[in-house]
Amino acid sequence: MIEIKNISFRYENSESSVLNDISTKIYDGEVVLICGESGCGKTSVTRLINGLIPHYYEGTMVGEVTVNNLDVSRSELYETAKLVGSVFQNPRSQFFCVDTTSGIAFGCENMGLPENEVRKRIKKVANEQNINHLLERSIFNLSGGEKQKVACASVSAVYPSVLVLDEPTSNLDIHAIYNLREIVHEWKRQGKTVIISEHRIHWLLDICDRVIYMQAGAIQMDCPMEEFSRLKPETIQKMGLRPLTLNYHQYIKKTSRLQDTIDFHNFRYSYKEKNNALNISNLSLPRNGIIAVIGHNGAGKSTFSKCLCGLERKFNGSVTLNGLKIKKQKLLKKCYMVMQDVNHQLFCESVLEEVRLGMSEENKDKVEEVLTMLDLTAVAERHPMSLSGGQKQRVAIASALLADKELLIFDEPTSGLGYRHMKETAELLLNLKGKRSIFIVTHDPDLISSCCTHILHLENGCVKESYPFDEIGEQRLEIYFDEIKKEVTIL
């Protein structure tokens, strides 16, 4: 059993507490969803359970946390790790080896298990989670969903009784999400206790036993999933949560076709172990539109984005903009990219300094407007790295919106964002329609239907479809997602 007793916690150098006198019990074998808007404290609860608070994330803590009678706040992390396995929002942050098999073995080897036992466990979890095809692979050449599978396998191999997942689907397509669901089902069948901090709820409806809803560092609701799933859609929306069912065109804004184009030439790129990761000879897209770049994990979306920004060294393609042909070196000056992992692009000592970093000239009113729109005013003086994942994401988005660049590229900008902050981000992007060319690499159907004007569908490094998001485009997108649903049903 996990017991959290009257916990309050304030991160070091933070003026306010992120958790305020919370108490709860999680019983053996339960699968529990912790939900709420970004910054509500749900990630901090997962860090309490796996001992990262207060051992790694320092601060002022009051109260007690026990896992199977072990006081994790006072025990060494290696002791807690025998009981609690963690899968983080970004699986790359928990890999210490360059190949998948070594990555799965890493935790077992740290425990000092004999080699034959380690090999036995690798074989067992690979069979259970259907990932034999991922063994002996380079970590660097896996898709986001494949990395998540390896991360889950590496945790499973240690045989913990408790598993903690923090925003595990934030960067996954629907196929990968439902693969993860099967893994959680297997853990549940084995009688493990699973705690999942998550914004996307639809995939958990038939898995979770219980829902803990948090707001402002406190538990506001704790009820069975069966009761939670009966809440009305408007109630869910007021709580700041994503819809409980997949709905790909609930918030669609009809848009007119844009006449000016951006033309792409010879967008080709190959990685060492993957030929034709990107293979686009010629492509025209609407200039100053909001273009959703969709496709399965590994389809070439992120590679397309990096080439567009001129970030890939061996890329030699070009873009024609305003009649001028722009090559790699000049693309760097015309583009601003918000990366999938925003931790790589937060440099300053405060949020305010960070969002002003890329501005060509000071505009205090504009800065205040964007901070207000993205709900960042209250954390303007805080260090960006002290924020939650969703708050960091919004800081990076604010920096991009305030930068004076012609092309803005967002790689999964709403990962870690709840419904309200997703809608605020969409509204800000809509305000730039006709002023900037915006590319959004995303698996988020709510974001697509909230703000995008055009769809670019990539598969296997090639353009499968490209079409405006009008009435006909809406039908085509719906067909795309219906096909995914049918494939997912077979899983």
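Just above sits the structure.
Residues numbered from 1 in each chain as written. Predicted model: local features only at pLDDT ≥ 70, side-chain atom pairs only at ≥ 80, totals over all residues. Heavy atoms only, no water.

**Some points on helix α7 (residues 174-189)**
- Between its terminal C-alpha atoms α7 stretches 23 Å, which fits the 22 Å expected from 16 residues at 1.5 Å a residue.
- Downstream of α7 by a residue or two, G191 has a phi angle that is positive, lying close to 85°. (Helix = DSSP H or I, 4+ residues; strand = E, 2+ residues; numbered from the N terminus. Expected span 1.5 Å × (residues − 1).)

**What about a negative patch on the surface?**
- Together, E15, E349, E353 and E381 make up a negatively charged patch on the protein surface.
- With respect to the helices, strands and loops of the structure, E353 is situated in helix α12 (residues 351-356).
- A relative accessible area of 40% places E353 in the partly exposed class. (Patch = residues over 30% accessible without salt bridge, like charges linked within 9 Å, V, L, I, M, F, W, Y side chains within 5 Å. Areas by Shrake-Rupley, 256 points an atom, 1.4 Å probe, with all protein chains shown as cover. Salt bridge = Lys/Arg side-chain N within 4 Å of Asp/Glu carboxyl O. Lys, Arg positive; Asp, Glu negative; His and termini not counted. Charge placed at Lys NZ, Arg CZ, Asp CG, Glu CD. Buried < 20%, exposed > 50% of the residue type's maximum accessible area, 1.4 Å probe, protein only.)

**Comments concerning the pattern of salt bridges**
- Inspection of the entire model under this criterion finds 27 salt bridges.
- Taking the shortest distance from any N to any O, the salt bridge between K42 and E167 comes out at 3.8 Å. Taken together, the residues span a long stretch of sequence, with K42 in helix α1 (residues 42-49) and E167 in the loop between β7 (162-166) and α7 at a distance of 125 residues. Just as K42 is buried, E167 falls in that class too.
- Ionic pairing is found between E115 and R119, a salt bridge with its closest N-O pair at 3.0 Å. Placement of both E115 and R119 in helix α5 (residues 115-128) is noted, with a separation of 4 residues, approximately one turn of the helix.

**Looking at the sheet that holds strand β5 (residues 70-71)**
- Read from one edge of the open sheet, 4 strands run β2-β1-β4-β5, paired in antiparallel fashion. The strands lining the two open edges of the sheet, one partner per strand, are β2 (19-26) and β5.
- Sheet topology note: the strand β1 (residues 2-11)/strand β4 (residues 59-67) ladder contains 8 bridges and is antiparallel. Bridged to R10 within β4 is T60.
- Sheet strands touched by α1: β1, β2 and β4. Its angle to β1, the strand with the most contacts, is close to 120°. (Pairing = 2+ DSSP bridges. Contact = heavy atoms within 4.5 Å. Axes fitted to C-alpha atoms, helices over the stretch in contact; angles between N-to-C directions.)

**Details of helix α15 (residues 419-431)**
- Its 13 residues place the ends of α15 19 Å apart at the C-alpha level, agreeing with the 18 Å of an ideal helix rising 1.5 Å per residue.
- Among the 13 residues that make up α15, 10 are buried, leaving the element largely enclosed by the rest of the structure.
- Here α15 has its buried residues at Y419, H421, M422, K423, E424, T425, A426, L428, L429 and L430.

**What about the side chain of E312?**
- Turning to its location among the elements, E312 is positioned in the loop between α10 (301-308) and β14 (318-321).
- At a separation of 3.0 Å, a polar atom in the side chain of E312 contacts the side chain of Y269.
- With near-sequence residues (within four places) excluded, E312 lies in contact with Y269, Y271, K306, C307 and K328. (Polar contact = N/O pair within 3.5 Å; in protein donor to acceptor, adjacent residues only side chain to side chain.)

**Regarding the packing of aromatic side chains**
- Counted by the stated rule, this structure contains 11 aromatic pairs.
- Arranged with centres 5.1 Å apart and planes meeting at 75°, the rings of Y269 and Y271 form a pair that is edge-to-face.
- A relative accessible area of 25% places Y271 in the partly exposed class.
- An aromatic cluster is present here, built from F264, F267, F304, F315 and F439 joined pairwise through their rings.
- The ring centre of Y57 lies 3.8 Å from the NZ or CZ of R47, which sits over that ring.
- The residue whose ring lies beneath R121 is Y159, and the NZ or CZ to ring-centre distance is 3.9 Å. (Phe/Tyr/Trp six-rings, centres within 6.5 Å; stacked < 30°, edge-to-face > 60°. Lys NZ or Arg CZ within 6 Å of the ring centre and 35° of its normal.)

**Quick word on the environment of G85**
- With respect to the helices, strands and loops of the structure, G85 is situated in strand β6 (residues 84-87).
- Judged by its relative accessible area of 8%, G85 is buried.
- Those residues in contact with G85, other than ones at most four positions away along the chain, are V155, P160, V162, L163 and V164.

**Looking at the sheet that holds strand β20 (residues 462-468)**
- The strand order across the open sheet formed by 6 strands is β16-β17-β18-β13-β19-β20, and the pairing between neighbours is mixed. Looking at which strands have only one partner, the edges of the open sheet turn out to be β16 (335-338) and β20. Shown here is a sheet whose adjacent strand axes are inclined to one another by a mean of 15°, direction ignored.
- Note: strand β13 (residues 290-294) against strand β18 (residues 437-441), 4 bridges, orientation parallel. Across the sheet, I291 pairs through a bridge with F439, a residue of β18.

**Observations concerning the packing of helix α6 (residues 144-156) against α7**
- Relative orientation of the contacting elements α6 and α7 amounts to 10°, with a least axis distance of 9 Å. Relative to α7, the element α6 lies roughly parallel. Classified by chirality, the crossing of α7 by α6 is right-handed. Contacts between α6 and α7 involve G145, K149, C152 and S156 on the former and, on the latter, A176, N179, L180, I183 and W187.
- A breakdown of the residues in the contact of α6 with α7 according to their chemical character gives 5 nonpolar, 3 polar and 1 charged. (Parallel < 35°, antiparallel > 145°, perpendicular 65-115°, else oblique. Left-handed = near helix turned anticlockwise from the far one by under 90°. Nonpolar A, V, L, I, M, F, W, Y, C, P; charged D, E, K, R; others polar.)

Keep in mind these values describe shape, not function.
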